[in-house]
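Residues per chain are reported as follows:
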Amino acid sequence: MIRCTVLLLFVTVSRVALCDPVPEVSFEQDIRPIFKAACFQCHGEEGVKEGELDIRLARFLIAGGDSGAAIVKGNAAESLLFQRVRDGEMPPEESHHLSKNQVETIKKWIEAGAPTIRPEPETLEGPLITPEDLAHWAYQIISRPAVPTIQGSERVSNPIDAFILRQLEADKFSMTEPAGRRTLIRRLSFDLTGLPPTPEEVAAFEADETQDAYSKLVERLLASPRYGERWGRHWLDVAGYSDSEGYSVADLIRPDSWRYRDYVIRAFNEDKPFNRFILEQLAGDELVTSPMNNLSPEDADFLAATGFLRMAPDGTGGAVDDVNLARNDTISETIKIVSSSLMGMTVGCAQCHDHRYDPIPQADYYRMRAVFDPTFDWKKWRSPNNRRVSLYTDADRKLAAEIEAEAKKVEATRTVKQKEFIAATFEKQLAKLPEEIHEAAKAAYETTAKERTAEQKELLKKNPSLNVSAGSLYLYDKKAADELKKMAEEAKTIRGKKPKENFIRAATEVVGQVPESFIFNRGDHEQPTKKVTPGGLMAVSLSSEVSDIPDNDPQFKTTGRKTAFSKRLTDPNHPLTARVIVNRIWMHHFGRGLVETPTDFGKLGAEPTHPELLDWLAAEFVKSGWSVKHMHRLILSSSTWQQASFRSSELSTADPENLLYGAANLRRLDAETVRDSVLFLAGVMNDELYGEPVPVMADKVGRWVLGLENLNAGRPGKSKPLKGQEFRRSVYVQSRRSRPLAVMEAFDLPRMSPNCNLRRASTVAPQSLMLLNSDFALGYSQSLAKRVNKKSPEKIEEQIQLAWNLVYSRPAENSEVSSAQTFLKEQAVLLKDRITVKEGDAQPAIQAEAFANLCQMLLSSNEFLYVE
């Protein structure tokens, strides 16, 4: 077991000692973090003491090792440790060499007499977490700060604005002007649904003069099923959602993964309280009350939620070089997903050793892993197929049995008929042979093949027409063989009426199977060392009052560890979870989180730009019952979010990254939104909700496109029709790790390895090439042109205005109309010799193609691809 008593005593003593004056340079604040990151692994951690030197405490440095004292108080030049780091000899790895500033800090500390802030502990047993570690902002209990008072400002719509304005005004700035209504509805529609508004919706919003026009618009979009598809996709990123296993080049398909995707979309549409959302994803199997072989719809949903724990790459269903390594890799990647998405901490960095920067001992990593060990028992591993949970109910089984009995009746009748046909055919063939061999031939035919004598075998060989069987009957009597085929097809049709057996990709424990958990030396599963029990981060336990995690909770058939862990995470006293989630919500609304590193709230991550606002939002989130839609309403109703994107030159110079939020950020559409918006504008989008993913295949030139695989001698054959599924939203497109859809990959579609913590928008040549000459761009530009022409078939100017209103959510200016008309005329001249028709006038086809080219230009423009 891991001993922590010394640590707790040290922390208690240290808190008292913090009242003393703090030295300008101290071991605890300045030196220990340097050594922890670069030196502890060889000098003190896990009992390793190269040269018998332990440097985890200042007094250990003075005591020294085999070479004597490591430091001489007040004399850096004579201190062996300083000489070695100054000359680049230590740490020995070049990548770990200390910076000039770090070396200078060590020198300054030694010259000052190597001071400490407080007395050091007598011994070190187990992990060491200091008050300086616990002072980090992310470990402080979430409080609800007082809302600042802003005098004389009409821009304070809610507390968010007060926090933002206080910081802006402190730097002598204020908010920019409010965005216009067309800008707002376009921004809001993309933000909440991932789709542009229709011209009719824009016009209605502009014409609505009621005071609650904007709030009504927000509520309408929040109530749209498109909202869950958009915001569910955000969560699927950090959950690492994939329809394939990854890990190896085989990248096997996950046939049931989509049920988790649908669960997430429904959860967001229903505004499922996020603490419940977390509980169901981590411990849905422990919420099930119906039998596992007869699940209720509610319990099936709970199990679908646990797909969250099954999203990590998993190669154990196929051939791998080291099966035990593959199993443990799956577990470690699962822990990365859980810790990064819910805790905002790089817990995975403590798999092989204590975290170099954050107070996360290696023991913490394996205590957290112990929570999931009963689910992922690597010594009694269940492959992906063996983890599937059937959705068949007793009613399904009863109906299937009745249908099977009906099919077997047809088959029994067919068997009798078949025997009659075979017997009759044999007699016909026998009659054609000399009568003297009839008796012997019949005896040979009726004897089973393995019991026939040599003479019988020879007789049948000489007379092959007598070898009448079920397989050869059609050669003798085609009428009988159609009849039998018809009966077989009847049985098949009957069986086709059976309820389809569907499955869930779930994460469950095996009742009564509870493995022991150990720390692995250097992360090697073949080197278990100390035994550990399940738990959360020790730093959280020390800084706040949150519940522990029991080994086995008697109220559950299984261990109950995952339920306890989820309740710990959503305890109002837990300092991380609520902050992490509201930071993500803010990030998706503004393009950047209040903490710019959404999965790293540790020391290497960014500090919050507005720490009090972050805490106020986290407290408000918990108070609202963990309602995501409440946070949407709050953020979207703020003047901060409703600002225009224009910034003064002074503000741009002083705050180039817009960290003060003095204006809206110009944001590029993400990969799914580009594709979805093009489908939407072209008028072809299939808005069907939920269901199996639309498949992805390689086309003839190797690009990944939508389609059913149809290989011919290993090469792509003619594509099979998708019957309208190719027009579904991108969240329903198969997300296969090795097959990113080409049109979305160009616009930075993330690959899950194991998840996507933060999307980055790039501007690269393949984007322009895709919009210039891909089948996607050309085809849907024509569809958009046809849509426009259908609504305004006569007047070119009306067509131009409609195209502008569809794509840009605004009318075209006079100069734009004139330029568009000029383009259409010039393009028609260029196309004149390229387009021919068999009969009649080619001009309509030329004009249609020219307008399609114009539509392609609009869809390729920055104004379409970026949102103000």
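Reading the values: rules and limits
- The numbers attached to residues start from 1 for each chain and follow its sequence in the written order.
- Given that the model is predicted, a residue must reach a pLDDT of at least 70 before its local features are reported, and side-chain atom pairs must reach 80 or more before they are shown or counted; all residues, however, enter totals for whole chains, interfaces and linings.
- The side-chain figures draw on all heavy atoms in the structure; neither hydrogens nor water molecules are used.
- In this text, helices come from DSSP runs of H or I with a minimum length of four residues, and strands from runs of E with a minimum of two, each type numbered from the N-terminal end.
- A 1.4 Å probe rolled over the protein chains alone gives each residue an accessible area, and that area as a share of the maximum for its type sets the label: buried under 20%, exposed over 50%, partly exposed in between.
- The contact rule is simple, with two residues in contact once any of their heavy atoms fall within 4.5 Å.
- To measure how exposed things are, a 1.4 Å probe is used in the Shrake-Rupley method; for residues, cover is taken only from the protein chains shown.
- A positive count includes Lys and Arg, and a negative count includes Asp and Glu. His and the chain ends are not counted in either.
- Charged groups are reduced to one reference atom each: NZ for lysine, CZ for arginine, CG for aspartic acid, CD for glutamic acid.
- Take a side-chain nitrogen of Lys or Arg and a carboxyl oxygen of Asp or Glu: if they are within 4 Å of each other, that pair is a salt bridge.
- N or O atoms within 3.5 Å of each other form a polar contact, as long as, within protein, one can give a hydrogen and the other can take it, and as long as residues adjacent in sequence are counted only when both atoms are side-chain atoms.
- Each cavity reported here is a set of points on a 1 Å grid over the protein atoms alone in which a 1.4 Å probe fits but cannot get out, each pocket an open set with protein on both sides within 12 Å along at least five of seven lines, and each lining residue one with an atom within 4 Å of a point.
- Grid points are joined across faces, edges and corners, and a volume is the space filled by probe spheres set on the points.
- All residues other than Ala, Val, Leu, Ile, Met, Phe, Trp, Tyr, Cys, Pro, Asp, Glu, Lys and Arg, Gly among them, are scored as polar; the first ten of these are nonpolar and the last four charged.
- Classification of ring pairs uses Phe, Tyr and Trp, with its six-membered ring standing for Trp, and accepts pairs whose centres are within 6.5 Å; under 30 degrees between planes counts as stacked, over 60 as edge-to-face, and the remaining range as tilted.

**Quick word on the overall build of the protein**
Piece 1. Across its full length, the protein holds 35 helices and 10 strands.
Piece 2. Dimensions of the protein, computed from the C-alpha atoms along their principal axes, are close to 125 × 80 × 50 Å.
Piece 3. Residues classed as buried in the protein amount to 53% of the 868 residues present.
Piece 4. Partitioning the intrachain contacts of the protein with sequence separation of at least 6 by distance along the chain shows that 71% fall at a separation of at least 24.
Piece 5. Accessible surface, the protein as shown: approximately 40,400 Å² in total, 52% of it carbon and sulfur.
Piece 6. Across the protein, the 112 positively charged side chains and the 123 negatively charged ones have centroids separated by 5 Å.

**A closer look at the pattern of salt bridges**
When charged atoms on two side chains of opposite charge get close, those side chains can pair.
Piece 1. Under the criterion given, the structure shown has 58 salt bridges.
Piece 2. Salt-bridge contacts for Glu-89 lead to Arg-84; the nearest nitrogen and oxygen are separated by 2.7 Å.
Piece 3. The network of salt bridges with common partners includes Arg-226, Glu-229, Arg-675, Asp-676 and Arg-729.

**Quick notes on the side chain of Ser-340**
Piece 1. Inspection of the secondary structure assignment puts Ser-340 in helix α15 (residues 323-342).
Piece 2. Using a relative accessible area of 7% as the deciding quantity, one classes Ser-340 as buried.
Piece 3. Within polar-contact distance, the side chain of Ser-340 engages the backbone oxygen of Ile-337 at 3.3 Å.
Piece 4. Engagement of the side chain of Ser-340 in a polar contact is seen with the side chain of Asn-755, the distance being 3.1 Å.
Piece 5. Ser-340 has contacts with Met-345, Pro-598, Thr-599, Asn-755 and Asn-757, leaving out every residue within four places of it along the chain.

**Comments concerning empty space enclosed by the protein**
Piece 1. Applying the stated criterion across every chain, the model contains 5 cavities of 30 Å³ or more.
Piece 2. Of the pockets and cavities examined, the largest cavity occupies roughly 220 Å³.
Piece 3. If you go around the largest cavity, you meet 20 residues; those closest to its centre are Gln-734, Ser-735, Arg-736, Leu-749 and Pro-750.
Piece 4. Taken together, the residues of the lining of the largest cavity break down into 9 nonpolar, 4 polar and 7 charged.
Piece 5. Elements that contribute at least two residues to the lining of the second largest cavity include exactly α11 (225-239) and α24 (577-590).
Piece 6. Looking at the lining of the second largest cavity element by element, the count peaks at 4 residues for α24.
Piece 7. Tallied by class, residues from the lining of the second largest cavity come to 7 nonpolar, 2 polar and 1 charged.

**Section: the packing of aromatic side chains**
Piece 1. A complete count under the given rule lists 23 aromatic pairs for this structure.
Piece 2. Taken together, a centroid distance of 5.0 Å and an interplanar angle of 65° make the contact between Phe-274 and Phe-277 edge-to-face. One end of the pair is Phe-274 and the other is Phe-277, both in helix α13 (residues 274-283) and 3 residues apart, which spans about a single turn.
Piece 3. Judged by centre distance (4.1 Å) and plane angle (15°), the ring pair of Phe-426 and Tyr-445 falls under stacked. In this pair, Phe-426 is assigned in helix α17 (residues 394-431) and Tyr-445 in helix α18 (residues 438-446), connecting sequence segments 19 residues apart.
Piece 4. We classify Phe-426 as buried; its relative accessible area is 3%.

**A few points about the environment of His-355**
Piece 1. On the secondary structure map, His-355 appears in the loop between α15 and α16 (362-372).
Piece 2. In this structure His-355 comes out as buried when scored by relative accessible area, which is 4%.
Piece 3. Along the chain, His-355 and Lys-450 lie 95 residues apart, while their C-alpha atoms are 72 Å from each other.
Piece 4. Residues within four places of His-355 in sequence aside, it is in contact with Lys-36, Thr-346, Cys-349, Ala-350 and Ile-360.

**With respect to the layout of surface pockets**
Piece 1. In this structure, the largest pocket spans a volume of roughly 1,200 Å³.
Piece 2. Around the largest pocket, the lining is made up of 47 residues, and of these Gly-591, Arg-667, Arg-668, Arg-759 and Ala-761 lie nearest the centre.
Piece 3. For the lining of the largest pocket, the secondary structure elements donating two or more residues are α8 (181-193), α11, α24, β5 (667-668), α28 (671-682) and β10 (866-867).
Piece 4. Tallied by class, residues from the lining of the largest pocket come to 16 nonpolar, 12 polar and 19 charged.
Piece 5. Here the second largest pocket is characterised by a volume of approximately 710 Å³.
Piece 6. Lining the second largest pocket we find 27 residues, and of these Asp-699, Arg-703, Val-705, Asp-775 and Phe-776 sit closest to its centre.
Piece 7. Partitioning the lining of the second largest pocket into residue classes produces 15 nonpolar, 5 polar and 7 charged.

**A word on unusual backbone geometry**
Piece 1. Residues Met-90 and Pro-91 are joined by a peptide bond in cis, for which omega reads -10°.
Piece 2. Here Arg-522, not a glycine, exhibits a phi torsion of approximately 55°, which is positive.
Piece 3. Here Arg-522 is to be found in the loop between β3 (517-520) and β4 (528-532).
Piece 4. On the basis of relative accessible area, Arg-522 is assigned to the partly exposed category, the value being 37%.

Function cannot be inferred from these measures alone, as they are strictly geometric.
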